Structures are given as C-alpha cells and as structure tokens.
Amino acid sequence: MRLLKAHCLLAKRSGRLQNAYAMNEPELTLNPEIATPRAAANTSLRPAVEWTIAAALCLIGLFVRIWRIDAIPPGLWMDEAINGLDAFHVLTSGKWPIFFQHEVYPREPLYIYLIVPWVKLLGATPQAIRLTSVMIGALTLPIAYLFFREWFGWRTALTALACLVFLRWHVHFSRTGFRTILSPPFLLLGFYFLHRGLRLERMREYIFAGVAFGLGFYTYLSFRLAPLVGIIWLGGYVALNRKALPQGFGKGLAAMFAAALLTFTPLGVHYLRVPYHFTGRADMVSVFGGDNDRTLGMNLIQTALNARDVALMFGVRGDGVAKHNVPARYAPRTDGVQVEKPPMPVFDPLTSIVFYCGLMALFIQLCRWRRDVAAAHAALLMLAWLGVMSLNSILSNDPPNLLRTVIMTPAVALTLAMGFLAIYDLLAQRFSRKWILSALLALVFLGYAGNQMWAYFSLYPRCLRIWDFNSDRWQIGQLAARESEFFEVHMPSDWLYHPTVEYALLSAKGEAHELKLPESLMAPEADDQPLNPKPRYLIYTDWTGIRRDIHQLFPRAREAAHMDEYRKPYAYSIQLIYPELKPQTARDALTQRFKDRLGKAVYPER
C-alpha cells in the first residue's frame with residue numbers, strides 16, 4: 001500500500017496521473033480502444049503480425065497505384081504538363097525558384113522539385129511526372145498508418161489503412177501529376193508528431209511537427225486551411241484538459257509554432273513581395289472571387305448549395321470532371337435511348353452507409369468526452385479535418401471538386417474504418433458467433449474494395465469523357481516530336497503552344513514551327529533555301545478549314561488520319577517535298593484563297 005501511494009504521488013507530481021493520454025479504465029464505449037499506442041500494446045495481436053499486415057497492405061497500395069500507369073489515365077493533362085515544363089526548366093537552367101508561374105497558374109514549388117530527378121531519368125514522358133505522384137501516394141500509406149496507430153490504436157489503424165489503400169479517390173490522384181497529392185502526408189506528419197509531443201513530452205517531437213506543418217505550405221493551396229484545423233483541435237484539447245495539461249505544453253507549442261514559422265518564412269517573404277502568388281489562384285476559383293457578378297447574398301446561397309453538393313458526394317453524386325473522377329455515365333434504356341447517370345460518388349450505396357455510421361461514431365465519441373478524453377480528442381481532430389478541408393470545395397466553384405479536397409482522404413478513410421468497427425462493436429453485443437459477424441463485414445469490405453478498383457481500372461478507361469486528359473494533344477505532340485527528326489514540322493499555334501504539346505516536344509530532335517497561311521505551303525526564296533532541305537510535314541484538323549484546299553493544291557501528296565480511342569480522327573498530317581511546295585510568286589493568290597480561314601479554331605468537335 002505504501003508503495004502504491006508513493007507511486008501515485010510521484011505520478012501526480014510529474015503531471016501524468018491526470019494526463020488525458022494516460023491509460024483509462026476499460027469501459028463499454030462505441031469504440032473501446034483508447035487512442036494511445038500504450039492501449040494498442042495491451043492487445044492480443046503480436047507486433048510482428050501487426051507490422052507484417054501493415055507492410056502487406058502498403059505493398060498492395062503501391063501495386064494498385066503503379067499498375068498500368070502507362071495507360072490509365074491516358075494522355076497528359078495540361079496542368080501536369082505545366083509541372084513537367086517547370087521541372088525541365090529547373091533541370092536545364094539550374095535555378096530553383098521559390099514559386100512557379102506558367103501563364104496564369106501560380107504554383108507552389110515542392111512537387112515540381114520532386115519531379116526533377118524523374119524527368120532527368122525518364123525524359124519528357126508522362127511517367128516522369130506521374131511516378132512522382134505514385135511514390136508520394138505510396139509513402140502516404142505508411143505515414144497514415146503511423147498516424148492512425150498513434151491516435152486510435154492498432155485495430156482502427158489497420159482498418160483505416162486498408163480503406164485508404166483501395167480508396168479510388170486517393171488512388172487516382174496518386175497516378176496523376178497534380179500537386180494536391182503532396183498535401184496529405186505533411187498534415188499527417190504534423191499531427192503525428194504533435195500527438196507524440198503531447199504524449200512523450202519531448203521538445204523534438206514538437207519541432208518535427210512544426211517543420212512538417214511549415215513544409216505543407218509548399219505543397220498545394222488547400223493546405224492553407226490546416227492552421228484552422230489545428231486551432232479547432234487545440235482549442236478543444238485545452239478546454240477538455242485545462243486542469244491536466246502536460247508539462248511543458250506551452251513551451252512545446254511555442255517551439256512548434258517557431259519551427260513552422262521558420263520553415264514557412266522563405267515562402268511567406270515571397271508572398272509579401274508578390275501578393276498575387278498568394279491570392280491569384282484562390283481568387284480565380286473562389287465563390288467570392290472578384291470575377292463573378294453575384295451579390296453577397298447570391299454568393300452565400302451558392303456556398304450553401306456547394307455544401308449540399310459536397311455532403312452528397314460520398315453516396316449520391318460525385319465530381320463530374322473526368323480528370324478527377326468517373327464522370328457522367330450513360331445507361332441504355334429498354335427503348336435503346338441512352339440516359340445520363342450522375343457522376344460516380346466516392347462510395348457505393350452500401351459503403352456510404354458505413355461511412356455515415358463512422359461519422360456518427362465520431363460524434364458520439366466526441367460527446368462522451370467525460371468517459372474517454374483521449375478518444376474525444378481524436379474524434380475532434382477527425383471532425384475538424386473533414387469539416388475544414390471540405391471548405392476547399394464548398395468555397396470554390398464547380399463543387400464537389402475532388403482535386404481540391406484530396407487532403408481529406410486520410411480522414412475519410414479513418415471515418416470509413418470507424419463505421420466498420422462501430423457496426424461490429426454494436427452487433428457483437430447481440431451475436432454470440434462473432435466469426436460470422438466478422439465474415440459478413442469482411443464481405444462488405446471486399447465489396448467496397450472490389451467496387452473501387454472496378455470503377456477505376458475497368459469503367460473509368462471506357463468513359464466517353466476520358467479525353468479530358470488531352471490524350472489527342474499528347475499523341476499529336478509525340479507525332480510532331482518523332483517526325484521533326486526527318487521533316488520540317490508545321491502545326492497550328494493553338495497546338496504548338498499547348499502545354500501538353502510543348503512538353504512532348506522537349507524530346508524532339510528537330511523543331512516544330514507554327515502553321516501559317518500561306519507561308520507554310522510555300523517554298524522559301526532561292527537564296528534562303530537550305531542545301532539539303534527537309535520535306536515539310538503539316539499537321540491540321542477539319543476545323544482549320546484548309547483540308548479541302550490542301551487536297552486541291554497537292555493532289556499527289558498522301559494524307560494520314562490520326563485516330564483517338566474511339567476511332568475518330570482528331571488530326572490529319574501530310575508530307576510535302578520542296579518541288580511540290582508553291583513558289584513565292586503564288587503568294588498573292590494563296591493569300592486571297594486563305595484570307596477567310598486564318599485564325600479558325602483547330603480543335604476537332606467531340
């Protein structure tokens with residue numbers, strides 16, 4: 001008894017007896033796990049088994065993120081190409097700017113820096129850009145597991161990791177070259193080290209958290225809402241533990257903020273010098289942006305409608321943009337007419353019910369904070385994470401937008417896992433044969449995983465709007481790059497200066513020129529002709545309005561049609577040797593013939 005009293009006195013002096021992260025007495029809750037690694041250690045699962053399962057899930061996650069990366073998605077979207085162009089510029093110039101701006105798209109630098117070694121290794125290919133996202137997405141999985149385990153214990157962590165491995169939302173953006181995929185791991189690392197700092201009372205953990213939070217601002221603009229998540233959580237933490245805060249809590253937070261501020265300072269100074277780089281893109285996409293003509297009341301109504309759309313994206317109607325999601329689909333009716341179906345939501349109907357059960361479980365866990373303070377802290381963080389980060393779509397145009405909310409995916413996976421475990425815990429109290437219940441829930445999970453993978457690897461490639469990825473531009477850029485070694489390539493300016501085509505032309509051994517009328521159809525003056533001139537290679541479309549004229553002017557030339565995935569021609573090409581080209585004396589006549597066709601659109605109708 002004396003030994004016990006002495007131990008309690010020592011613990012009380014150190015501030016750990018009333019610490020919310022100390023071991024609680026076991027009690028019947030919706031999720032009985034205590035949100036600490038120490039609680040996870042007091043389970044029957046051996047560490048070797050646990051980590052083996054986690055490693056296996058991470059390897060499966062890597063596989064589904066890299067399998068058929070050369071074909072799904074096709075082509076190369078212009079935003080991806082812009083990132084690749086900037087990475088190539090860094091590689092060739094040796095300059096590492098703090099911010100990038102190609103045309104009107106200001107962008108944070110970290111993702112572009114990570115592309116540079118891949119571009120150097122693989123050249124100007126889509127894989128050089130997308131493999132960067134594959135590695136980031138795959139590394140997010142073990143980071144997420146450490147975070148889940150730190151806050152929720154091993155059982156919830158393994159379930160959440162399995163949900164994240166097969167989450168189509170995260171899988172897709174782990175296979176595309178968008179900066180947004182880089183934001184989740186830094187937010188995970190920040191809160192992982194913050195929790196360890198609170199639990200272990202180590203100053204270095206707070207510093208690591210601050211560095212992770214600071215680096216997050218170099219990833220994507222959606223990370224700018226991360227401080228709001230932290231403020232909400234810290235406010236709740238202090239309110240629930242005002243009488244039992246860990247020793248060194250204030251100093252730890254000060255160290256974390258200092259480390260975050262120091263890490264962010266170079267970018268922050270740049271924002272002060274060039275405010276447009278901070279506000280530019282946000283103002284473009286914001287509901288309250290300066291370019292719209294709506295009144296404040298109309299903007300508020302639109303925000304409410306956006307919130308509705310974001311809430312419905314998990315089980316009713318998802319993102320309709322093909323570069324983000326499986327867009328509007330077409331289902332045949334009995335009379336043979338095709339009916340448009342809404343864009344695919346994040347989850348199938350059954351899994352969406354499990355997800356909403358997980359949300360309810362988090363709310364209940366938060367409301368029962370008197371029984372389990374640590375579990376309430378974890379629930380508060382997840383609810384704040386989901387609510388605040390959804391504002392990236394609620395406060396912007398065209399909701400729901402999965403690209404701007406990728407930072408939500410770890411919290412979404414955790415919420416889904418909470419739904420599975422909450423259902424199991426509730427039903428386990430009523431069924432004696434728990435193995436049957438486990439088998440049924442395992443079947444539901446396999447249905448979720450199978451549906452997510454089928455939708456992405458089978459349905460998505462057959463989507464009629466998959467051309468959103470500029471696959472025709474990428475193919476025409478490859479054609480121009482390949483033929484430039486043997487021909488003098490001429491193509492319309494709209495294609496020549498399209499970022500996807502520009503990126504493809506980085507690997508060209510020759511040059512591509514702008515298609516001008518009638519200059520591109522005429523041989524140069526005798527004095528300007530090269531000694532060994534290359535044949536001329538023209539690329540055009542029906543919409544350039546010159547195809548019929550070219551057939552009439554060059555009847556012996558052979559035209560080639562270039563088909564898309566649906567066997568529709570998106571461009572034509574023709575080879576012209578110098579004797580076939582019109583002489584300079586025909587300039588006036590040719591100019592008169594083409595004067596009404598200059599400046600026409602070059603994109604084929606879809």
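Residues numbered from 1 in each chain as written. Predicted model: local features only at pLDDT ≥ 70, side-chain atom pairs only at ≥ 80, totals over all residues. Heavy atoms only, no water.

1. A look at the sheet that holds strand 5 (residues 488-491)
- The strand order across the open sheet built from five strands is 6-5-7-9-8, with neighbouring strands paired in mixed fashion. On the outer flanks of this sheet lie strand 6 (512-514) and strand 8 (559-563), each paired with one strand and no other. Neighbour-to-neighbour, the strand axes of this sheet turn through a mean angle of 25°, independent of strand direction.
- Where helix 20 (residues 471-483) meets the sheet, its contacts fall on strand 5, strand 7 (536-540), strand 8 and strand 9 (569-576), and the angle it forms with strand 7 comes to roughly 175°. (Pairing = 2+ DSSP bridges. Helix = DSSP H or I, 4+ residues; strand = E, 2+ residues; numbered from the N terminus. Axes fitted to C-alpha atoms, helices over the stretch in contact; angles between N-to-C directions. Contact = heavy atoms within 4.5 Å.)

2. Here we look at the packing of aromatic side chains
- Applying the stated criterion to the full structure yields 35 aromatic pairs.
- Relative to Phe-278, the ring of Tyr-271 lies with its centre 5.0 Å away and its plane at 65°, an arrangement referred to as edge-to-face.
- Through a chain of ring-to-ring contacts, the aromatic side chains of Phe-147, Phe-148, Trp-151, Phe-191, Phe-213, Trp-233, Tyr-237, Phe-249 and Trp-385 assemble into a single cluster.
- Stacked on the ring of Tyr-572, the Lys or Arg Arg-547 has its end atom at 3.8 Å from the ring centre.
- One Lys or Arg, Lys-582, reaches over the ring of Phe-554 and ends 5.5 Å from the middle of that ring. (Phe/Tyr/Trp six-rings, centres within 6.5 Å; stacked < 30°, edge-to-face > 60°. Lys NZ or Arg CZ within 6 Å of the ring centre and 35° of its normal.)

3. Some words on the pattern of salt bridges
- A full pass over the atoms with the stated rule returns 15 salt bridges.
- With a shortest N-O distance of 3.0 Å, Glu-108 and Arg-179 are connected by a salt bridge. Here the residue Glu-108 occupies a position in the loop between strand 2 (105-107) and helix 5 (110-122), and Arg-179 occupies one in the loop between helix 8 (168-173) and helix 9 (183-200), the gap between them amounting to 71 residues. Side by side, Glu-108 and Arg-179 carry an identical accessibility label, which is buried.
- Linking Arg-308 and Asp-309 is a salt bridge whose minimum nitrogen-to-oxygen distance equals 3.0 Å.
- It is possible to trace a salt-bridge network through shared partners that takes in Arg-196, Arg-202, Arg-204 and Glu-205. (Salt bridge = Lys/Arg side-chain N within 4 Å of Asp/Glu carboxyl O. Buried < 20%, exposed > 50% of the residue type's maximum accessible area, 1.4 Å probe, protein only.)

4. Some points on the packing of helix 7 (residues 154-165) against helix 18 (residues 409-428)
- At a minimum axis separation of 8 Å, helix 7 and helix 18 run at an interaxial angle of 125°. Here helix 18 runs oblique to helix 7, going by the angle between their axes. The handedness of the crossing between helix 7 and helix 18 is right-handed. Here Arg-155, Thr-156, Thr-159, Ala-160, Cys-163 and Leu-164 of helix 7 lie close against helix 18, whose contacting residues are Thr-409, Pro-410, Ala-413, Leu-414, Leu-416, Ala-417, Met-418, Phe-420, Leu-421, Tyr-424 and Asp-425.
- By residue class, the composition of the contact of helix 7 with helix 18 is twelve nonpolar, three polar and two charged. (Parallel < 35°, antiparallel > 145°, perpendicular 65-115°, else oblique. Left-handed = near helix turned anticlockwise from the far one by under 90°. Nonpolar A, V, L, I, M, F, W, Y, C, P; charged D, E, K, R; others polar.)

5. Examining the layout of surface pockets
- Counted as a void, the largest pocket has a volume near 870 Å³.
- For the largest pocket, the lining is made up of 34 residues, of which Tyr-220, Leu-221, Arg-281, Val-285 and Arg-404 are closest to its centre.
- Elements with a contribution of two residues or more to the lining of the largest pocket: helix 4 (78-93), strand 2, helix 13 (276-285) and helix 17 (391-394).
- Top element by residues in the lining of the largest pocket is helix 13. It accounts for five residues.
- Reported here for the second largest pocket is a volume of approximately 480 Å³.
- Together, 15 residues line the second largest pocket, and Arg-155, Thr-159, Phe-420, Leu-421 and Ala-442 are the ones closest to its centre.
- Breaking the lining of the second largest pocket down by element, the ones donating at least two residues are helix 3 (47-66), helix 7, helix 18 and helix 19 (434-459).
- Looking at the lining of the second largest pocket element by element, the count peaks at five residues for helix 7.
- Its residues assigned to classes, the lining of the second largest pocket comprises twelve nonpolar, two polar and one charged. (1 Å grid on protein atoms, 1.4 Å probe; cavity = no way out; pocket = protein on both sides within 12 Å on 5 of 7 lines; lining within 4 Å. Points joined across faces, edges and corners; volume = space filled by probe spheres on them.)

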